[in-house]
Amino acid sequence: MSQIFVPAAFYRGGTSKGLFLHARDCPADPAARDAMLLSALGSPDPYGRQLDGMGGGTSSLSKAAIIGPPGRPDADVDYTFAQVAVAQPVVDWGANCGNLASAVGPFAVDEGLVRVADGDAALVRIHQVNTGKIIHARFPVRGGRAVVEGDFALDGVAGTGARIGLEFLSPAGTFTAGLLPSGRVQDRVADAEGAVAASLVDATNPVVFVAAADLGLHGGEGPDTLEADAALMARLDRLRRTAGVMMGMAATPAGIGLANPKIAIVAAPARFRALDGREFGAETHDIAVRMVSMERVHRAVTLTGAMCLAAACRIGGSLPHGLCRATGPDAPLRIAHASGVIEAGARVVEGDGWQVTGTTVYRTARRLMQGAVAVRPFAGARE
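If you're wondering where the values come from, they're calculated on a predicted model, not measured in any experiment. (Residues numbered from 1 in each chain as written. Predicted model: local features only at pLDDT ≥ 70, side-chain atom pairs only at ≥ 80, totals over all residues. Heavy atoms only, no water.)

Caption draft 1: Spatial organisation of the packing of aromatic side chains. Tallying each qualifying case throughout the model produces 4 aromatic pairs. A ring pair is formed by Tyr11 and Phe107, whose centres lie 6.1 Å apart and whose planes are at 75°; its orientation type is edge-to-face. Taken together, the positions of Tyr11 in strand E1 (residues 4-13) and Phe107 in helix H2 (residues 98-110) put the pair 96 residues apart, joining distant regions of the chain. With respect to burial, Tyr11 and Phe107 carry one shared label: buried. Judged by centre distance (5.4 Å) and plane angle (45°), the ring pair of Phe20 and Phe107 falls under tilted. Here Phe20 is found in strand E2 (residues 16-22), whereas its partner Phe107 is found in helix H2, with 87 residues between them in sequence. Comparing Phe20 with Phe107, the two get one shared label, buried. Through a chain of ring-to-ring contacts, the aromatic side chains of Tyr11, Phe20 and Phe107 assemble into a single cluster. Lying across the ring of Tyr362, Arg163 places its NZ or CZ 4.0 Å from the centre. (Phe/Tyr/Trp six-rings, centres within 6.5 Å; stacked < 30°, edge-to-face > 60°. Helix = DSSP H or I, 4+ residues; strand = E, 2+ residues; numbered from the N terminus. Buried < 20%, exposed > 50% of the residue type's maximum accessible area, 1.4 Å probe, protein only. Lys NZ or Arg CZ within 6 Å of the ring centre and 35° of its normal.)

Next up, the structure:
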């Protein structure tokens, strides 16, 4: 066998792109499955471009989604997310991608895995296998197929599309013990250079929030500027790994994976220039973020990271809460990122400790390719 062709579709979901596969077409053996995905995406690539695969050289463009029958009665499909490292032979299953989640419902409908009535808010209930959580996706359907065209604009994506609403139900404690894994709204995370204030929050995905000012930054820096500072990037990873231990995700920093927890640099609202050259004033947003994902600075913001930040901003005494512009408890938060501004909502209550009952965001998605992806032979593959 020189190559194997696996049925697949390629989607843009939100500000990410990824390969979509049916569970029935993926090998059951974990090592074989990883080998297939690494070949499909073009990893590892020491040049960082993934030219020999479908990946795009950054974490937001090196992803895969495996969709199958539901594993629980309150879901219509299972969604398992794979984050494929660019330069290393690593497939990380310890995360969830909210951006790709926006394409799961349309994929399930268009592939005939779920049958829904036509309407403007057809519902597909998604079991996110990595986190064990439920996501409700609502989007327009016409003639039994997901609608693609619409007038909803998404910063970081050219053009407009049909709006897809995502509601993450009871999103706390995806990979840790709960919403505040350390039991505190703020902590001190230290490395050889000293300690910085941080809030460790797990809502849709675990994130370590640190203040831009504590790192000598203003918070509006572009991704290339941040990545060019090798000392800063190394320190962010050290802080991320130390915080991961504090969150109970591993016994030592070396045991913390590449995907989670993520680390996010947050700042109070201020004027900034987006990657497309647009100028945004401080009045356009409530908080600013620069998210690091898989050792790269995200060109927008991970969707789960945005929802986690929205929840953190509602937790009194947290670092993001102190930097965020005050808004009404039910109003969506406007989050500035390198490509513009995204709105995210979170329902957080203070009772017997802080609790988040749900988070919401809106995205668009589009199928870019369908057919089969060519991969190198792997153990157990069929000719």
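Caption draft 2: A look at the pattern of salt bridges. The tally for this structure, following the rule as stated, stands at 23 salt bridges. Between Asp52 and Arg376 there is a salt bridge whose closest N-O contact spans 2.8 Å. Of this pair, Asp52 sits in the loop between helix H1 (30-41) and strand E3 (63-68) while Arg376 sits in the segment after strand E23 (365-375), placing them 324 residues apart in sequence. Note on accessibility: Asp52 and Arg376 belong to one class, exposed. Across the pair Arg273 and Glu279 runs a salt bridge, and its minimum N-O distance is 2.7 Å. Salt bridges here are not isolated pairs; linked through shared partners, they connect Asp191, Glu193, Arg235 and Arg238. (Salt bridge = Lys/Arg side-chain N within 4 Å of Asp/Glu carboxyl O.)

Caption draft 3: Just the nonpolar core, in detail. Counting residues in each nonpolar core, the largest one holds 68 residues, and the members touching the most others are Phe20, Tyr79, Leu166 and Phe209. Top element by residues in this core is helix H5 (residues 303-313). It accounts for 9 residues. Counting 27 residues, the second-largest nonpolar core is a separate cluster that includes Ala198, Ala243, Ala274 and Val297. (Core = buried A, V, L, I, M, F, W, Y, C linked by side-chain atoms within 4.5 Å.)

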